[in-house]
Amino acid sequence: MIRPDLLLHPTPKGLYCPPGDFYIDPVRGAVDRAIVTHGHADHARSGHGAVLATPDTIGIMAARYGEEFTASRQPLEFGEKHAVDINGVKVWFAPAGHILGSAQVVVEWKGLRIVNTGDYKRRPDPTCKGFEVVNGAHVFISEATFGLPVFKHPDDRGEIAKLLESVRLFPAKTHLVGVYSLGKAQRVIALLREAGYRDTLYIHGALKKLCEHYESVGVKLGPLEPATLEKGQRGQSEQFRGKIILGPPSAFRDKWGQRFPDPVLAFASGWMSVRQRAKQGGVELPLILSDHADWDELTMTIQEVDPEELWITYGREDALVRWAELEGRKAKPLRLVGYEDEGD
Ligand SMILES: [Zn+2]
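Along each chain, the written sequence defines residue order, and numbers are assigned to residues from 1. Predicted model: local features are reported for residues with pLDDT of at least 70 only, side-chain atom pairs are reported and counted for 80 or more only, and whole-chain, interface and lining totals are derived from all residues.

Trainee: Would you mind going over the packing of helix H1 (residues 55-65) against helix H4 (residues 205-216) in detail, with residue names and values included?
Mentor: In this analysis an axis means a line fitted to C-alpha atoms, helices contributing only their contacting stretch, and an angle means the value between N-to-C directions, from 0 to 180 degrees. Only DSSP runs of H or I with at least four residues qualify as helices, and only runs of E with at least two residues qualify as strands; both kinds are numbered from the N terminus onward. At their nearest, the axes of H1 and H4 sit 10 Å apart, and the two run at 150 degrees to each other. By the criterion of interaxial angle, the relationship of H1 to H4 is roughly antiparallel. Crossing of H1 over H4 shows right-handed handedness. Contacts between H1 and H4 involve Gly59, Ile60 and Ala63 from the former and Lys209, Leu210 and His213 from the latter. Orientation labels follow simple angle bins: below 35 degrees gives roughly parallel, above 145 gives roughly antiparallel, 65 to 115 gives roughly perpendicular, and whatever is left gives oblique. For a crossing to be left-handed, the near helix must be turned anticlockwise from the far one by less than a right angle; the clockwise case is right-handed. The contact criterion used here is simple: two residues whose C-beta atoms, placed from the backbone, lie within 7 Å are in contact.

Pasting the structure below:
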């Protein structure tokens, strides 16, 4: 068997495949050929010569960066049967369950199979396809954003129930929910709908384009209205009492959020399990909702995939490497730099 790092290895620009001459999620500068796992800004950048990604990721990149985000867009559906050949390297996608369109990249060459998860989670998400285990991986590259045993994400329905309970208890207050604009926003909306919330949800302008994109590909979000307040119209903010407003966390930290009557500040993020983070951000209602695997999901996934070798990246690499070694697995950290997920 050839050495796996001949097929993929870290470079300052991201993971590079020499025989295929492509990068996976290149982080620095434009490259001739990029394979993009998903649309979050640290993984998907504009300006590359060619982008191979799922149709949904291509759509998201076009919605965020404009139609000219690459010279050549190459949409590829999930599944080995849709595999493409890039300079003799076989490449195909499997669902990663992180956000709409998110993919694991499977790279095969001379009998060697490497599976790169990108970002992933294992619990069901009404806005995207669930993670699928790819068998027969020689090398499994796993993310580790929440790669510490203390991270155990609670049931997302329980977190949504906390928000709805607060809305019920405080009908005169406005609930402001901080959500990242891609992925988290649409998941929170879809979870609210699943929990039976049918009222109009109000969204900050930064969420509009992506919510429309999700709707256009069949993800149902229910009635959404812009959360706009015209300047100078006194009393207009009264209409938002008892309502839920979603927006990027930064918007609620500035003056925009303070114009709403009796605001209750919530924030939906995996980091809300760290009490200090919630406190520092002035978050009164932390909602622990993550689009990444927690510790149990990470270790379960590694056991299910059962690769010959494990490479850990994007986050807390060391604890997971140590865990794997104690399990008798060959493991190493990749130390890729430049990835700070915008959708935790
Ligand atoms: Zn991501």
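Once the structure has been displayed, the description carries forward.
Trainee: A description of the pairing of strand S2 (residues 14-17) should follow, citing residues and the corresponding values.
Mentor: Pairing between strand S1 (residues 9-11) and S2: 3 bridges, direction antiparallel. Its bridge partner lying in S2, Pro10 is registered against Leu15. Whether two strands pair depends on DSSP finding at least two bridges between them. Where S1 hands over to S2, the hairpin turn is made up of 2 residues, counted between the paired strands. Direction of pairing for S2 relative to strand S3 (residues 22-24): antiparallel, over a ladder of 3 bridges. Across the sheet, Cys17 pairs through a bridge with Phe22, a residue of S3. What sits between the antiparallel neighbours S2 and S3 is a turn of 4 residues, in which Asp21 has the positive phi angle 55 degrees.

Trainee: Which residues make up the domain arrangement of the protein chain, and what are the values?
Mentor: How large an interface is tends to be reported as the accessible area lost when its parts come together. We note that the domain assignment places domain 1 (4-150 + 292-333) and domain 2 (156-287) within the protein chain. Averaged C-alpha coordinates put domain 1 and domain 2 at centres separated by 30 Å. With 14 residues of domain 1 at the interface, the matching set in domain 2 holds 15 residues. Only Asp, Glu, Lys and Arg are considered charged, only Ala, Val, Leu, Ile, Met, Phe, Trp, Tyr, Cys and Pro nonpolar, and every remaining residue, Gly among them, polar. Looking at the side of domain 1 that touches domain 2 residue by residue, the classes come out as 6 nonpolar, 5 polar and 3 charged. Note that the domain bounds reflect an automated or database-derived domain assignment.

Trainee: Give me the lowdown on the sheet that holds strand S11 (residues 139-144), citing residues and values where you can.
Mentor: One open sheet holds the 7 strands; their spatial order is S7-S8-S9-S10-S11-S18-S19, and the pairing between them is mixed. This sheet does not close on itself; its edge strands, each paired only once, are strand S7 (84-86) and strand S19 (330-333). Put simply, the sheet's adjacent strands are angled 25 degrees from each other on average, direction ignored. Across 4 bridges, strand S18 (residues 309-315) lies against S19 in parallel orientation. The residue of S19 that forms the bridge with Leu310 is Ala331. Of the strands in this sheet, strand S10 (112-116), S11 and S18 are in contact with helix H8 (residues 295-305), which crosses S11 at around 175 degrees. Contacts from helix H9 (residues 317-326) reach S11, S18 and S19, with the element oriented near 170 degrees to S19.

Trainee: Before we move on, can you summarise unusual backbone geometry with the specific residues and values?
Mentor: At Asp25, a position not held by glycine, the phi torsion is positive, near 50 degrees. If you trace the backbone, Asp25 turns up in the loop between S3 and strand S4 (33-35). Residues other than glycine seldom take positive phi values, yet Asp262 does so here, at roughly 40 degrees. The topology assignment puts Asp262 in the loop between helix H6 (255-258) and strand S16 (263-268).

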